[in-house]
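A look at the structure
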Amino acid sequence: MASTPSCKKNKENKNAMQSMLLSCKLYISESRNHAALDSIERAARLHPETAVVNKFEDRAYNRTSYTLVSYVAHDCTGSPIYSPLLDTVIAIAEAAYDAVNLELHSGTHPRLGVIDDIVFFPLARASLDEAAWLAKSLAKEIGSRFQVPVFLYAAAHPMGKALDTIRRELGYYRPNMTGNQWAGWDQPELLPAEPDEGPSQVHRARGITMIGAHTWVAYYNIPIMSTDVLVTRRIARMVSARGGGLPTVQTLGLVHGEESTEIACMLLEPNQVGADRVQNRVKMLAAEEGLDVEQGYFTDFSPEMLVEKYMNLISGK
């Protein structure tokens, strides 16, 4: 009688799992309340097999991003069944919803939720399908456990709907305070579109969240030496794919502090259209307006560096 495959964990399986990694990037609508961030970070470190490999705070935006990495495990058929990231992100969500009240939040970056966006990226030998599986699993938990409306996007959405499309439908890009600020919750409590998970009624203190899965996206910000946000927005639009500029590039022109503005860029295919090309285009357009720009900066590490940092952190535990 033929033997059936064994799914027992052993050293070889463990090593294989740790070479099939997923990254999770979370955006929290808070950067000024250190007690709230401390609570969130304690939750992020509860699971020993999840590593926090990056944190990026922006006080002007009142927004913090965390990048987590862990493995994805499979059953005997090769289907994903578990990742420590799921438990970790649920713990972070609980801490964030307890510590942050969206109605009391303000900043110069758009947002619609305490946890504004969560996106999963495949690293190393993991696949986009595995990232999408985890995104959809998390969406069910966030929607049911915390009663927060969840909108899926990119590979996690049945039709691959883009994040910026959903955001436009929900009024994400429209400032609700003096033209440059986003404050509190001023959207209808009954959403204009049906969420993929969770209720259609919004809890004003928590807002909504977007959860997606995507191939690697690079986040690159370019400071503009001007306080005229209308000019910065005009440049941002001309750089973006939507405005007829560079393909696979999305941009936002935003106030950033008291003395400058900034173009926040999402490079959806950074191996095709990279930061240098975006920087040069912004510099050229800004010069036509008589403006100087500073060298841009990434808000996260490269996928290769994330894997290296994860391995170093895990081996030290």
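This text goes with the structure placed above it.
First, a word on scope: everything that follows refers to the structure included in this document.

Cut-offs and rules
Residues numbered from 1 in each chain as written. Predicted model: local features only at pLDDT ≥ 70, side-chain atom pairs only at ≥ 80, totals over all residues. Heavy atoms only, no water. Phe/Tyr/Trp six-rings, centres within 6.5 Å; stacked < 30°, edge-to-face > 60°. Lys NZ or Arg CZ within 6 Å of the ring centre and 35° of its normal. Pairing = 2+ DSSP bridges. Helix = DSSP H or I, 4+ residues; strand = E, 2+ residues; numbered from the N terminus. Axes fitted to C-alpha atoms, helices over the stretch in contact; angles between N-to-C directions. Contact = heavy atoms within 4.5 Å.

What follows covers the packing of aromatic side chains. Aromatic ring pairs are described here by two measures, namely the spacing of the ring centres and the angle between the planes. Counted under the stated rule, the structure contains seven aromatic pairs. A cation over an aromatic ring shows up here: Arg 167 above the ring of Tyr 172, its NZ or CZ 4.1 Å from the ring centre. Directly above the aromatic system of Phe 301 lies the positively charged group of Lys 309, at a separation of 4.6 Å from the ring centroid.

Moving on, we get to the sheet that holds strand S3 (residues 63-71). Pairing is mixed across the open sheet formed by six strands, whose spatial order is S2-S3-S1-S7-S10-S8. Of all the strands in the sheet, the pair left with one neighbour each is strand S2 (51-58) and strand S8 (150-154). Ignoring strand direction, the axes of neighbouring strands in this sheet form an average angle of 15°. Across nine bridges, strand S1 (residues 20-28) lies against strand S7 (residues 115-124) in antiparallel orientation. Within the sheet, the bridge partner assigned to Leu 21 lies in S7 and is Leu 123. Together, S1, S3 and S7 form the strand contacts of helix H3 (residues 84-99), whose direction differs from that of S3 by roughly 155°.

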